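Architecture at a glance
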Amino acid sequence: MDSLSIRETFLAFYEERGHRRFPSASLIPADPSVLLTIAGMLPFKPWFMGDEPAPVKRAVSFQKCVRTNDIENVGLTTRHLSFFEMLGNFSFGDYFKRDAMRWAWELSTEHFGLDPERIWVTIYEDDDEAEQLWLSETDLPASRLQRLGADDNYWWTHAAGPGGPNSELYYDRGDAYGEAGGPAVNDERYLEFYNLVFMQHALDAQGTILGDLPAQNVDTGLGLERLAVLLQGVDNVFETDLFQPLLARAGELTGHTYGRDAKADVSLRVIAEHARTAAFLVSDGVLPSKEGRGYVLRRLMRRAIRHAGLLGADVGGSARLAVPMVETVIDTMAASYPDLAAQRTLVTRVLEAEERDFGARLRDGLDRVDTAVAELASGERFRGDVAFELHDTFGFPIDLTAEIVADAGLGLDRDAFDTLMQAQRERARAGARKGGGGVPDDVYRQGAAASAAAGAGSIEFVGYDTLEVEATLRALVTAGGVVASASEGDEVEVILSRSPFYAEGGGQVGDSGVIETPTGRLEVLDTQDVIGGGLRVHRARVVSGEVVAGVDVSARVDVERRAATGRSHSATHVLHATIKELVGDHAQQAGSLVQPGRLRFDFPHFSALDADTVRAVEQLVNARVLADPDVRVDVMALDDAKRAGAVANFGDKYGQTVRVVSIGEFSKELCGGTHVASGAGIGTVTIVREESVGSNTRRIEALTGTDAVAFLTRERLIAEEIARLVDVPTGEAVARVEDLVARLRTAEKELARLRGADLAGRARQLADAAPRVDGIAVVVERADGLAPDDLRRLAAEVRGALGTGAVVIVGAANDGKAQLIGTVSDDLVARGVSARTVLADAAKVVGGGAGGGDDLAQAGGRDAERIDEALRIAADAARAATGTDGA
């Protein structure tokens, strides 16, 4: 039975039993706390947990999954995979153990045709009910039922969520695969293919059972790849129809045949398996990057590229494996996953670019590895600083370096690498810290400052509702610690009892404004959260009088600056939704900066946006703003926000209660920032730049509100001035300038032609007039007014006209600088004459040095008045070098 038939048999079987068929969900889960979809049940997790009502009682699905905990073993064994398909049937408070067991047995024996005498079952060690049902509801004898512990037969996601005891079905593959005794003895001979999880508990992130779920549920998983091994009668998954086309293609591309050489087979398996995973990741919107899902993809790709190199492929040169490999993946899998075919262009372009980028650096990196290994004494570990260089300079993920080092039989100083990585992260954070020079966080963790911070308690932020409040000035802090007072000109950090000032976060800059005290005035320059976000501080300068701690104050935010910042933040949300719509769902926010009147938005994408796309994004953003959509802010539980479809950025940390900002019907994001009251309040949005800020990462910069209007006004005035200068209406200025530029280029080409002809004629005259001594001509010419390129051309023309036995020296004094060019014919170079040596002493005369090679050299200096002396010295050096100085 081929894999397509296995998939369809499973789905149809459960559809006949009242299950609704669900297509595979994305590998990017809706839950931002999970990196990738790792199990078939993950898309149904809210239904299992009772967080939202299940729309059906029974479901059946096929789900693509990626697990990353043992990537280094993929290829080395024939069992490990990073990408796999899980077929599953699910019950949400409907049937439980009895029906799940009966149907699993019926499907396995009657529809898939597995021999019931070779099926074994394991159950959780204290699940007496499961044992009774297996023995009473199926033909399974007690002799083929085994009890195992929680590590084997209690299932959970290893994150906060549902879990429960499970039963696993195994198939005995016979004596050829090892000793008998059941799965408890040999899980190679007894291959697990179907897992029935009886979800009844809620667990925390540590795996502690918190209580029972609202209803008893069933979650099953049948591994498509494993069942294909059994039904196709092969030894391992790489011999099934899922991988044979991929291995054949990898073999064609590398000149190897799978099955002929064990070492080559490892690399072929790596290439085939990782190509499959990479194709699915990219089709779901994952792009290569330095962290998160993108790092997983990059690690897979770079591991595959390295193994292609091990097979002799010219990676970084003519070899191109990525596109033909993923094309084969698409062709073999598109019948079940049509989205894969729909994203063919995205998949091929992204992976082709990643192969090209890393392939170009792979050989240099591997040379560095070989050199470092050769320098190691016996028993030494591979140095962490070298591993860090490979990561930082050559793009080697540390996991890849560790694998290469292990292949060489060496250990790796991972601690040293981690120390260097941490130092790099701290430098980056310090560089990004706004304004620099603030009070270090450590000050707030010790002495009086720590007491002041603790005494401040939970500072109430009221800035969503008001921009001016009365508060108590609880503490003044400097780098030296807490101070009782501060005088005019002093810079301090201020802790208030309550604050209307927004602290920098979520890409939005902190508020500024003023704090009035009975005896002085503070200008708030910035607002930050310190010591891990646990304390809001106001970085301020005393602008008049003296301020003291413990007094009541008036705190007021700069209203215009806050409004301009809010326009930019709301515009960022509109831009985010628009880019995803026009560029693709993969273009998720990857970083942002929200400032008064301007914004910066980073997103993953594999190429620059063309001018038409940038224009379309800008037009749609402004059309949406002009429609004046509602801007709604709702405070709700995090789980409720996820169910409502709010966009959350992976890696961001959220509390149990969150703010959801919705703009119209097109944008809904978790966001703690400040926004406009209605969409039209954003004003005009103008994109001023689209650029690359790293591999597969693009950045858009835009202006908003009055800043955008001011920019457009300047652009209009510039356009009007250009139109005035070329004497046409503004609407005709572009065409007129294009015409003038074309005519200028034509004129420049003609001028260059005439100049070239003049240089050629001058060169011929110099060559014809040059005397030869013993067949050697030394030509010296001063040619003021010629640019450096023309000097070189003149020297080359003279040498070419002379043919053999020629040394040509040309010099010029232009704009107070001296320039010398020397050139020597090939026959004299062969005799040891060097143009650079000829110019060496002359260069010193004009205050410079000579550079270049034996056949062509140049020199220059700032003493232009001595150019004639320099030419004489160069001529003497040429005659001495050619042996014609005595003639």
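Scoring rules and cut-offs
Residues numbered from 1 in each chain as written. Predicted model: local features only at pLDDT ≥ 70, side-chain atom pairs only at ≥ 80, totals over all residues. Heavy atoms only, no water. Helix = DSSP H or I, 4+ residues; strand = E, 2+ residues; numbered from the N terminus. Buried < 20%, exposed > 50% of the residue type's maximum accessible area, 1.4 Å probe, protein only. Polar contact = N/O pair within 3.5 Å; in protein donor to acceptor, adjacent residues only side chain to side chain. Contact = heavy atoms within 4.5 Å. Arc of directions from axis to C-beta. Salt bridge = Lys/Arg side-chain N within 4 Å of Asp/Glu carboxyl O. Axes fitted to C-alpha atoms, helices over the stretch in contact; angles between N-to-C directions. Parallel < 35°, antiparallel > 145°, perpendicular 65-115°, else oblique. Left-handed = near helix turned anticlockwise from the far one by under 90°. Nonpolar A, V, L, I, M, F, W, Y, C, P; charged D, E, K, R; others polar. Core = buried A, V, L, I, M, F, W, Y, C linked by side-chain atoms within 4.5 Å.

Some points on the side chain of Ser82
For Ser82, the position within the fold is in the loop between β2 (58-66) and β3 (83-92). On the accessibility criterion, Ser82 (1% relative accessible area) is buried. In terms of polar contacts, Ser82 uses its side chain to reach the side chain of Thr277, at 2.7 Å. Discounting residues that sit within four places of it in the chain, Ser82 has contacts with Cys65, Val66, Arg67, Val74, Glu273, His274, Thr277 and Leu300.

Concerning helix α7 (residues 244-254)
At 3.6 residues per turn, the α-helix brings residues three or four places apart onto the same side. Inspection of α7 places Leu246, Leu247, Ala250, Gly251 and Thr254 among the buried residues, and these make up the whole buried set. The buried residues of α7 all sit within an arc of 135° when viewed along its axis, so they share a single face. Tucked into the core, α7 has its buried residues touching α8 (262-283) and α10 (322-333).

What to know about the pattern of salt bridges
Within this structure, the stated rule accounts for 62 salt bridges. Across the salt bridge formed by Arg98 and Glu137, the nearest N and O atoms sit 2.4 Å from each other. Here Arg98, found in helix α3 (residues 97-111), pairs with Glu137, found in helix α4 (residues 128-137); they are 39 residues apart in sequence, far enough to count as distant. Glu523 serves as the salt-bridge partner of Arg541, at 3.8 Å between the closest nitrogen and oxygen. Here Arg541 is found in strand β18 (residues 535-548), whereas its partner Glu523 is found in strand β17 (residues 520-530), with 18 residues between them in sequence. A relative accessible area of 29% places Arg541 in the partly exposed class. Of the residues examined, Glu523 reaches a relative accessible area of 33% and is grouped as partly exposed. In the salt-bridge network here, residues are joined through shared partners; they are Arg79, Arg173, Asp187 and Glu188.

Some words on the packing of helix α17 (residues 559-583) against helix α18 (residues 611-626)
Where α17 meets α18, the closest approach of the two axes is 9 Å, and the angle between their N-to-C directions is 135°. When the axis of α17 is compared with that of α18, the two are oblique. In this structure, α17 crosses over α18, and the sense of that crossing is right-handed. Of α18, the residues touching α17 (which contributes Val574, Leu575, Ala577, Thr578, Ile579, Glu581, Leu582 and Val583) are Thr613, Ala616, Val617, Leu620, Val621 and Arg624. A class-by-class count of the residues in the contact of α17 with α18 yields 10 nonpolar, 2 polar and 2 charged.

Overview of the nonpolar core
Ranked by internal contacts, the top residues of the largest apolar core, which has 111 residues, are Phe10, Trp134, Tyr194, Leu351 and Phe382. With 10 residues, α8 is the largest single contributor of residues to this core. With sequence-adjacent residues up to four places away left out, Phe10 is seen in contact with Val60, Ser61, Leu87, Gly88, Asn89, Leu107, Phe112, Tyr194 and Leu222. Ile776, Val824, Ala857 and Ala878 belong to the second largest nonpolar core, which has 25 residues in total.

Structural notes on unusual backbone geometry
Not every positive phi belongs to a glycine, and Asp727 is a case in point at roughly 60°. Relative to the helices and strands, Asp727 resides in the loop between α20 (705-726) and α21 (733-769). On the basis of relative accessible area, Asp727 is assigned to the exposed category, the value being 66%. Unlike most non-glycine residues, Asp815 shows phi in positive territory, near 55°. Mapped onto the secondary structure, Asp815 falls in the loop between β28 (806-814) and β29 (817-824). Here Asp815 falls in the exposed class, since its relative accessible area comes to 81%.

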